[in-house]
Amino acid sequence: MLGIRPLTLRPPPRLAFAPRRSVVPQHARMSFTKDTRTRLRDGHEIPIIGFGTYQITGRDAYNATKWALEAGYRHVDSAEWYSNEPEVGRAIQDFCTASGTPRAEVYYTTKLQTNRSRADALEHAHGCLDACGLGHIDLFLLHSPIGGPAARLDAWRGALDARDAGIVKSVGVSNFSVRHLQEMIDAGVELPAVNQIDLHPFMTRTDVVGFCKQHDIALEAWAPLVEGMRFRHPTIVKLAKKHGKEPAQILLRYSLQKGFIALPKSSKKARIQSNLNVYDFEIAEAEMAELDALDEYLITDWDPTDTP
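None of the values given here were measured: they were computed from a predicted structure. (Residues numbered from 1 in each chain as written. Predicted model: local features only at pLDDT ≥ 70, side-chain atom pairs only at ≥ 80, totals over all residues. Heavy atoms only, no water.)

## A look at the overall build of the protein
Of regular secondary structure, the protein possesses 10 helices and 11 strands. Relative to the 2.2 N^0.38 estimate, which gives 19 Å for 308 residues, the radius of gyration of the protein is 18 Å and therefore close to what a compact globule would have. Taking the principal axes of the C-alpha coordinates as reference, the protein spans close to 60 × 45 × 35 Å. Taking all 308 residues of the protein together, 56% fall into the buried category. Considering only contacts in the protein between residues 6 or more positions apart, those separated by 24 or more positions represent 74%. Accessible surface, the protein: about 12,800 Å² in total, of which carbon and sulfur atoms supply 51%. (Helix = DSSP H or I, 4+ residues; strand = E, 2+ residues; numbered from the N terminus. Rg over C-alpha atoms; globule rule 2.2 N^0.38 Å. Buried < 20%, exposed > 50% of the residue type's maximum accessible area, 1.4 Å probe, protein only. Contact = heavy atoms within 4.5 Å. Areas by Shrake-Rupley, 256 points an atom, 1.4 Å probe, with all protein chains shown as cover.)

## Some points on the pattern of salt bridges
The tally for this structure, following the rule as stated, stands at 17 salt bridges. Note that Arg103 is salt-bridged to Asp138, the shortest N-O span being 3.1 Å. Taken together, the residues Arg103 in the loop between helix H2 (85-99) and strand E6 (107-112) and Asp138 in strand E7 (residues 137-142) connect sequence positions 35 residues apart. Across this residue pair, the class does not change: Arg103 and Asp138 are buried. Here Glu190 ties to Arg163 by a salt bridge, and the two come within 3.0 Å at their closest N and O atoms. Linking Glu190 in the loop between helix H5 (178-187) and strand E9 (194-197) with Arg163 in helix H4 (residues 149-164), this pair joins segments that are 27 residues apart in sequence. Taken together, the shared-partner salt bridges connect Arg163, Asp164 and Glu190 into one network. (Salt bridge = Lys/Arg side-chain N within 4 Å of Asp/Glu carboxyl O.)

## Let's talk about the confidence of the model for the protein
Summary statistics for the protein give a mean pLDDT of 92 and a share of 90% for residues scoring 70 or more. Under a pLDDT of 50 for its full length, residues 1-22 has, in the predicted model, 44 contacts with residues more than four places off or in other chains. Residue range residues 25-29 is modelled with pLDDT below 50. Its contacts to residues more than four positions away, or to other chains, number 10 contacts. (pLDDT = per-residue confidence, 0-100.)

In structure tokens, the structure reads:
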């Protein structure tokens, strides 16, 4: 059992950023680059593409994260549930040391596995920080709404405590439906900066997307590549051929043009690199509508959005 540490509240510290960077308001349309960030509702900035590490553990997690950073990613997504926080954190530290890249230039996300109580969430934020060894966590998410209304609200308050104590800079949620987000509004608590959820042309979730846009909650797509399940879909193949791109690049560009923060994952160095080649073309408005029409509520891994 983890011991409860005393809570020390202080204003969250300011982030340091490089002088040259494209920063755009949430959901604005523009020409993207690998350095583009979007500004969250709390004023912090987040890179529009991140490297996902789900199902990558041990040495593979270290290597893949290092390759991603060397390729140009400046945003890495981990979680307690992934059992790779130490390896991912060490890869970030080693990359920063070897390249001279400031730690503040690499955006690190992790997630609370289980919603229990306010004190438990705060203690796990401390544990996540210890595990990654990075000095601070840029984004701390509740991994799911599982646990019931009281537990997730208490866990959310614990995440806010972690933010106010300077352990994390931004806080958000993952896999929350409109109903779960509305609960937060009804409770009068601060809204999340981010909702990380399954989003792609085959799972458009127009209700969640519309609600989050209305309330200035950034959307992260945790499976923008549809886990490879639709790479051979005729529409994806057609657009890939037309634009001279790979199916994965079509799907990632779609995500960016929808205003989502995309989190592709791979353990293969070549694929990690090629997933960044999405800045030299644009999907036309009619083609975006064609992709939107592919919605089939395709669940790529899990879908706890109907959790009571």
